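Inside the fold
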Amino acid sequence: MTQSGLKVTIIGGGLAGALAARVLREQHSVTVLELSTDPIEVGAAISIGPNGTRILAKLNFDPTRTGSIPVGNLRTWNKAGEMVRDIEADYAQDYGSPWLLQHRADLRAEFLRLATAPSEELGLKGMPAIVRYGTKAVDIDAETGTVTLEGGEKLDADLVIAADGVKSIARAMVVGDDTFKSARPSGLSAFRFTLPRKEILEKIPDFRILDKSKPGMLKTVLSFDSSRRSAVLYPCRDFELLNVVCIVPDNILKTATTESWSAAGDVVELLRCFQDFPPWLLDILKLGKNIKLWQLRDQDPLPTYIRGKTVLIGDAAHAMTPHQSQGGTQSIEDAEGFELFNRPGVAPTDVPRILKEFDSVRRPRASQIQDNTRQSVNKKTVEEIYRFQRYNWTYPGVIEGLRRVQAGEELIQF
């Protein structure tokens, strides 16, 4: 059986690329080029705000398959160990959809399943996307939609989606300026690791954050000083894992960091960087194993996401640090943007016009989120952390968003 519609090539099978494939598979022929040789994801956990989970609910996403946990309790401490915020909330009621915590590997695996599983299994029309693992794109003709692979093979497409991350080969080609070739170091790095539930409870039997009978809790400890240090802890995988992220300035690290999910970190270095934080946090950090140290990068807002038949999405378009927990969620909003191509009667000749519509909604929105994230890095009070929450979590979707933009209305209304 052949698929009608557009011929789509997606470079990158991470969160943004996989979910874009899920959106487009119903109407178009989709091929995903994934550099890794298998679908196993590295990294740690990720939170998805209501603006993202609202979209996922419309795309057959089942949070039980990913062990996702709704956030119901936020607790924040300063480095002296004083609790400065303790809030219980029903985000599904307040925002129409939950704020979910899950392991990144589980989320990506589910996005890939939604992109590639038989249509009958998912109750969808159209054909599954094809994922070509171990495939490296080395050049893109953004105007013609031709992608050249390592080895010389050329793929022609009506639409090329560059979801190839912070090290995107497509960014400079689309923007037309080598200044944007690489996302820049933010001056911060993150220690990341997960701990199994059993190991923690053996050491700390009453550790509330892993209590399955309680609402999901996100614990944050902030330095509230010029060092900009922070530690975030939350459960994932149905409370079977604890996710730990500790952010530090690069200038206090003894070793240089790289932009890599898999670069090794060191528990001694981690403890040194947080030696003045509360003892209960240090007890958790001492348990750290297989610690990764990841250089955080961000990108100045781009002047465009599109050129010819090609569009940038995800970190390729709007890399940002995790301080507002919006990197993954903005990738979900990007993927939903391809609903513009699922409207009736879309032909190859329409692609440049529709990409301009996509850019008119997605670029101002994601650029503002980038700016919000940068402003939140230098937080001095707990109020500064959450002051962008309503804006970040309010998004009408691309169809209504385009209507508002074309009518001269504000995109985000609340």
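Let us look at the structure shown here. (Residues numbered from 1 in each chain as written. Predicted model: local features only at pLDDT ≥ 70, side-chain atom pairs only at ≥ 80, totals over all residues. Heavy atoms only, no water.)

Another aspect to go through is the overall build of the protein chain. The helix and strand tally for the protein chain stands at 15 helices and 18 strands. The C-alpha radius of gyration of the protein chain comes to 21 Å, within 12% of the 22 Å expected for a compact globule of 414 residues. Projected onto its principal axes, the C-alpha positions of the protein chain cover 60 × 45 × 40 Å. Counting across all 414 residues of the protein chain, residues that qualify as buried make up 57%. Of the contacts made within the protein chain by residues no fewer than 6 positions apart, 72% connect residues no fewer than 24 positions apart. Considering the protein chain, the positive charge centre built from 52 side chains and the negative charge centre built from 53 side chains are found 2 Å apart. (Helix = DSSP H or I, 4+ residues; strand = E, 2+ residues; numbered from the N terminus. Rg over C-alpha atoms; globule rule 2.2 N^0.38 Å. Buried < 20%, exposed > 50% of the residue type's maximum accessible area, 1.4 Å probe, protein only. Contact = heavy atoms within 4.5 Å. Lys, Arg positive; Asp, Glu negative; His and termini not counted. Charge placed at Lys NZ, Arg CZ, Asp CG, Glu CD.)

Right, let's talk about the sheet that holds strand β10 (residues 154-156) for a bit. To summarise the sheet geometry, strands pair through backbone hydrogen bonds and adopt either a parallel or an antiparallel arrangement. The sheet built from three strands is open, its strands ordered β8-β9-β10 with antiparallel pairing. Edge positions in the sheet fall to β8 (137-141) and β10, since each has one partner strand and no second. Direction aside, the axes of adjacent strands within the sheet are offset by 20 degrees on average. (Pairing = 2+ DSSP bridges. Axes fitted to C-alpha atoms, helices over the stretch in contact; angles between N-to-C directions.)

This part takes up the pairing of strand β5 (residues 83-88). Looking down a regular strand, the side chains alternate between one sheet face and the other. In the sheet, strand β4 (residues 69-78) pairs with β5 via five bridges, with the strands oriented antiparallel. Within β5, the position partnered with N73 by the bridge is E88.

Tallied over the entire structure, the rule returns 29 salt bridges. In this structure, E34 engages R108 in a salt bridge whose closest nitrogen and oxygen atoms are separated by 3.5 Å. Highlighted residues: E34 in strand β2 (residues 29-34) and R108 in helix α4 (residues 104-116), separated in sequence by 74 residues. Judged by its relative accessible area of 10%, E34 is buried. (Salt bridge = Lys/Arg side-chain N within 4 Å of Asp/Glu carboxyl O.)

Spatial ordering of the open sheet is given by β7-β2-β1-β11-β18-β17, a layout of six strands whose pairing is mixed. Bordering the open sheet on either side are β7 (130-133) and β17 (306-307), each of which pairs with just one other strand. Examined bridge by bridge, strand β1 (residues 7-11) and β2 share five bridges and lie parallel to one another. Bridge assignment links V8 to a residue of β2, and that residue is V30.

Here we come to helix α1 (residues 15-24). Counting buried residues in α1 gives 10 out of 10 residues, a clear majority hidden from the surface. All of the buried residues in α1 are L15, A16, G17, A18, L19, A20, A21, R22, V23 and L24.

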